[in-house]
Amino acid sequence: MAKSTAKALGANGCRISFLDTQREYLTNVGAHGLSDFYLKKAPLDARKSIPEVLDGEVVYIADAIKDERIQHPQIAKAQRISSILAAPIMAKGEVIGEIRLYTHDPHIFSEDDKNFVVIVANISAVLVERDELHRLLESGHKGVKEQSKLAQLPTISLRPAEFAHPSEEEFVRLLDFYQIEWLYEPRAFPLRWENGGIVEMFTPDFYLPEFDFYIELTTLRQDLVTEKNRKVRRLKELYPEISIKLLNKNDFLRLLAKYGYGSLGEAKLQGIDRILLTHSQIQRRVKALARRISGDYEGKHLVLVGVLKGVIFFMTDLMEHLTLPVTVDFMAISYYGGEEDPVVKITKDLDSSITGRDVLMVEDIVDTGMTLNYILKYLQAHAPASLRVCTLLDKRARRLVDVPLDYVGFEIPDEFMVGYGLDYDGEYRNLRFIGTFHPELAGKDESQK
Ligand code: PRP
């Protein structure tokens, strides 16, 4: 696709790249006419490199070396890149990647060229969606679950077809468990030059964007370890701004503990099958929700209403990032009458009147929708000026009552979750991430929940 597009538009090179799941880096999935070194020059920070494309714009850059939107102008110069045309790849209204065309000589792209590249981008998006659908069908999910999983896949996972070493695969399983974003061999560092040419390069195995460091895995073979140590030392001398670690699996587990992943200790993690949302993923999403809400209610005073206790973390973080004047109120409820036919009773009412006020109901999770349905009716009876709902988690597959949700953090699968306010038998609320919980793994009895 990259080759044909470059040829059709008279360009010397073309690169198709996709955003990682955190939407911070662009990773190459296809290229033509660009050197390996150029493609692996560094993980391309999506916000630093032609950021307008992320807003859905087609961008034409006449002179790449002089344009401040280019992240690595020196490397562009060395590659003889003059003009660039960049277009977003969109799926479900969201930018998921980019297609860029490069020319050696200054080049003017016509409106027809721009339209053509947009069509190519659209075809790429269709192919990605088809591939995701295919993978989901292959993975054997059926019915409702399948649809709801598909809806939460804004980006594709960028995995190499195969890893160079089995230890890398094992390492990736560990990263995936902790939901730590990784890029495989994203950058090659020249280490030695002779007669103006590069004679030695070093490509670290992984880059972890969240921690901003590279990782080179070690094996047990001492001769290789010595050689790798030499390369890592040399890399540090030549590129002091780069952080790189030479690790084996145990070193990595120790490192995770330092960053707060393992610090909860074995006992507390018992019962947690996998981490669905890391603390930083949650924080990023909460900030984005707060930005949207702040925009929608600009010039207004908002009353936030939460139902205790699960909402405490989410309410705190959401409030912190709202740029509006807000007041906050809490309600508490209890259920009686059994699971089949539960009756809701308010055990703590609002402290202040909401009549004529703009009210945003904040929930940690909407499951069957029964709680929200009851609370919304109750709040509506107090005649607020407006009433909307913001929930961090939407477990749509379990819905029994149709409730309107205006702001949703994440759609989640039908599994039991704990952490970030969510509890099992009153515990686990204080975990900084959200994980799937299996009582039998913790030696607990299902009925305790
Ligand atoms: C959770 C959550 C919601 C409700 C959603 O509260 O905070 O209020 O369940 O479930 P539903 O959509 O099926 O009604 P929970 O009763 O677990 O109390 P907690 O917040 O004190 O943990």
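Up top is the structure.
Residues numbered from 1 in each chain as written. Predicted model: local features only at pLDDT ≥ 70, side-chain atom pairs only at ≥ 80, totals over all residues. Heavy atoms only, no water.

### Digging into the overall build of the protein
Short version of the rule: Helix and strand definitions here come from DSSP, where helices need a minimum of 4 consecutive H or I residues and strands a minimum of 2 consecutive E residues; each element is numbered from the N-terminal end. By definition in these notes, contact holds between two residues if any of their heavy atoms fall within 4.5 Å. Only the protein chains shown count as cover for residues, with accessible areas throughout obtained via the Shrake-Rupley method and a probe of 1.4 Å.
A count of helical and extended segments in the protein gives 12 helices and 21 strands. Taking contacts inside the protein between residues at least 6 apart in sequence as the whole, the part at least 24 apart equals 61%. Total accessible area computed for the protein in this model is approximately 22,500 Å², and 50% of it derives from carbon and sulfur atoms.

### With respect to the packing of aromatic side chains
For clarity, the cut-off: Any two of the Phe, Tyr and Trp rings considered here, Trp counted by its six-membered ring, make a pair once their centres fall within 6.5 Å; the pair's planes then place it as stacked at under 30 degrees, edge-to-face at over 60, or tilted in between. Ring-over charges, as used throughout, are those where CZ of Arg or NZ of Lys falls within 6 Å of the ring centre and within 35 degrees of the ring normal.
As enumerated under the stated definition, the model contains 11 aromatic pairs in all. The structure contains a cluster of three or more aromatic residues connected by ring pairs, namely Phe-189, Tyr-207, Tyr-214 and Tyr-239. Just above the ring of Phe-213 sits the side chain of Lys-245; from NZ or CZ to the centre is 5.0 Å.

### Quick look at the packing of helix H10 (residues 279-296) against helix H11 (residues 312-321)
Two quantities define a packed helix pair, namely the angle between the helix axes and the distance between the axes. Quick note on the threshold: A fitted line through C-alpha atoms serves as each axis, taken over the contacting stretch for helices, and the angle formed by two N-to-C directions is quoted from 0 to 180°. Just so you know how the angles are binned, under 35 degrees is roughly parallel, over 145 roughly antiparallel, 65 to 115 roughly perpendicular, and the rest oblique. It is the rotation of the near helix from the far one that decides the hand of a crossing: anticlockwise by less than a right angle makes it left-handed, clockwise makes it right-handed. When residues are sorted by character, Ala, Val, Leu, Ile, Met, Phe, Trp, Tyr, Cys and Pro go into the nonpolar class, Asp, Glu, Lys and Arg into the charged class, and all the rest, Gly among them, into the polar class.
At a closest axis distance of 8 Å, the pairing of H10 and H11 adopts a crossing angle of 55 degrees. Viewed along their axes, H10 and H11 adopt a mutual orientation that is oblique. Classified by chirality, the crossing of H11 by H10 is right-handed. Contacts between H10 and H11 involve Gln-283, Val-286, Lys-287, Leu-289, Ala-290, Ile-293 and Ser-294 from the first element and Phe-314, Asp-317, Leu-318 and His-321 from the second. A per-class count over the contact of H10 with H11 returns six nonpolar, three polar and two charged.

### A word on the sheet that holds strand S3 (residues 44-45)
Defined as follows: Here, strands pair whenever DSSP counts at least two bridges between them.
A sheet is described by the order of its strands in space; here six strands give the open sequence S3-S2-S1-S6-S5-S4, paired in antiparallel fashion. Edge strands, defined here as strands with exactly one partner in the open sheet, are S3 and strand S4 (59-61).

### Considering the side chain of Arg-399
Threshold: A 3.5 Å cut-off defines polar contacts: any pair of N or O atoms within that distance qualifies, except that in protein one atom must be a possible hydrogen donor and the other a possible acceptor, and neighbouring residues in sequence count only when both atoms are side-chain atoms.
Here Arg-399 is to be found in the loop between strand S18 (386-394) and strand S19 (407-411). Among the polar contacts listed, one links the side chain of Arg-399 to the backbone oxygen of Asp-367, at a separation of 2.9 Å. Of the polar contacts made by the side chain of Arg-399, one reaches the side chain of Asp-394; its length is 2.3 Å. Excluding anything up to four places from it in sequence, Arg-399 contacts Val-366, Asp-367, Thr-368, Gly-369, Asp-394 and Leu-405.

### Remarks on the site of the ligand
Stated precisely, the cut-off is as follows: Residues are classed as near a molecule or strand on a simple rule: at least one heavy atom within 4 Å of it.
Taken together, 15 residues lie around the ligand, and Gly-310, Asp-364, Thr-368, Gly-369 and Thr-371 are the ones closest in. Between the ligand and Gly-310, the relevant distance is 2.8 Å, taken from an oxygen atom to a main-chain nitrogen or oxygen of the residue. A distance of 2.8 Å separates an oxygen atom of the ligand from a polar atom in the backbone of Asp-367. Surface burial for the ligand is 77%, taken as the share of its 500 Å² of free accessible area covered by protein chains. Looking at the shell around the ligand, the elements with two or more residues in it are strand S17 (358-366) and helix H12 (370-380). Its residues placed into classes, the shell around the ligand shows five nonpolar, four polar and six charged.

### Description of the pairing of S18
Quick note on the threshold: Between buried and exposed lies partly exposed: a residue is buried under 20% and exposed over 50% of the maximum accessible area for its type, with that area taken using a 1.4 Å probe on protein chains only. Orienting the strands away from the viewer, one traces the path from the first strand over the helix to the second; a clockwise path indicates a right-handed crossover.
Taken across its nine residues, S18 has seven buried, putting it largely inside the fold. Between S17 and its parallel partner S18, the chain crosses via H12, and the hand of that crossover is right-handed.

### Side note on the pairing of strand S8 (residues 189-194)
Bridging between S8 and strand S9 (residues 197-202) involves five bridges; their strand directions are antiparallel. Opposite Phe-189, over in S9, you have Phe-202 as the bridge partner. Counted between consecutive antiparallel strands, the loop separating S8 from S9 contains two residues, among which Asn-195 sits at a positive phi close to 50 degrees.

### Regarding H10
Heads up, the rule is: Multiplying 1.5 Å by the helix residue count minus one yields the expected span of that helix.
The end-to-end C-alpha distance of H10, which contains 18 residues, comes to 26 Å, matching closely the 26 Å that a straight helix rising 1.5 Å per residue would cover. Taken residue by residue, H10 has Ser-280, Gln-281, Ile-282, Gln-283, Val-286, Leu-289, Ala-290, Ile-293 and Ser-294 as its buried positions.

### Some details on the sheet that holds strand S21 (residues 434-437)
Backbone-to-backbone hydrogen bonds join strands into a sheet, with any given pair of strands oriented parallel or antiparallel. Spatially, S13-S21-S20 is the arrangement adopted by the three strands of the open sheet, whose pairing is antiparallel. At either end of the open sheet lies a strand with only one pairing partner, and these are strand S13 (272-277) and strand S20 (417-418). Of the pairings in the sheet, the one linking S20 to S21 comprises two bridges and is antiparallel in character. Looking at S21, one finds that Val-418 is bridged to Gly-435.

### Points about the nonpolar core
How we decide: We call a set of buried Ala, Val, Leu, Ile, Met, Phe, Trp, Tyr and Cys residues a nonpolar core when their side-chain atoms join them within 4.5 Å.
Ile-293, Phe-314, Leu-318, Leu-360, Leu-392, Leu-393 and Ile-434 are the most contacted members of the largest nonpolar core, which totals 29 residues. Contributing elements (two or more residues each) for this core: S13, H10, strand S14 (302-307), H11, S17, S18 and S19. Ranked by residues supplied to this core, first place goes to H10 with five residues. Among residues more than four places away in sequence, those in contact with Leu-360 are Ile-293, Tyr-297, Leu-302, Val-303, Leu-304, Val-305, Arg-388, Val-389, Cys-390 and Tyr-407. By size, the runner-up hydrophobic cluster in this structure holds 20 residues, among which are Ala-6, Ala-11, Ile-99 and Val-117.

### Structural notes on H12
Definition in use: In this description, one arc is meant: the one made by directions from the helix axis to the C-beta atoms.
When we look at burial in H12, the residues that qualify are Thr-371, Leu-372, Ile-375, Leu-376 and Leu-379. Seen end-on, H12 carries its buried residues on one side only, within an arc spanning 120 degrees. Residues of H12 that are buried in the fold lie against S14, strand S15 (326-336), S17 and S18.

### Section: a nonpolar patch on the surface
Just so we agree on the cut-off: Patches here: salt-bridge-free residues with over 30% relative accessible area, like charges joined within 9 Å, nonpolar side chains (Val, Leu, Ile, Met, Phe, Trp, Tyr) joined within 5 Å. Counted as salt bridges are all cases of a side-chain nitrogen of Lys or Arg within 4 Å of a carboxyl oxygen of Asp or Glu.
Taken together, the side chains of Met-1, Ile-119, Ile-123 and Leu-127 present a nonpolar region at the surface, about 360 Å² in accessible area. Taking the relative accessible area as the measure of exposure, Met-1 reaches 40% and is therefore partly exposed.

### Here we look at the pattern of salt bridges
The final tally for this structure, using the stated rule, is 18 salt bridges. Of the charged contacts, one joins Arg-100 and Glu-98 as a salt bridge, the two residues approaching to 2.7 Å between their closest N and O atoms. On the accessibility criterion, Glu-98 (0% relative accessible area) is buried. In this structure, Glu-411 and Arg-396 form a salt bridge, with 3.7 Å as the shortest nitrogen-oxygen distance. Taken together, the positions of Glu-411 in strand S19 and Arg-396 in the loop between S18 and S19 put the pair 15 residues apart, joining distant regions of the chain. For Arg-396, a relative accessible area of 45% gives the class partly exposed. Three or more residues are tied together by salt bridges with common partners; here these are Arg-192, Glu-194, Glu-200, Glu-227 and Arg-230.

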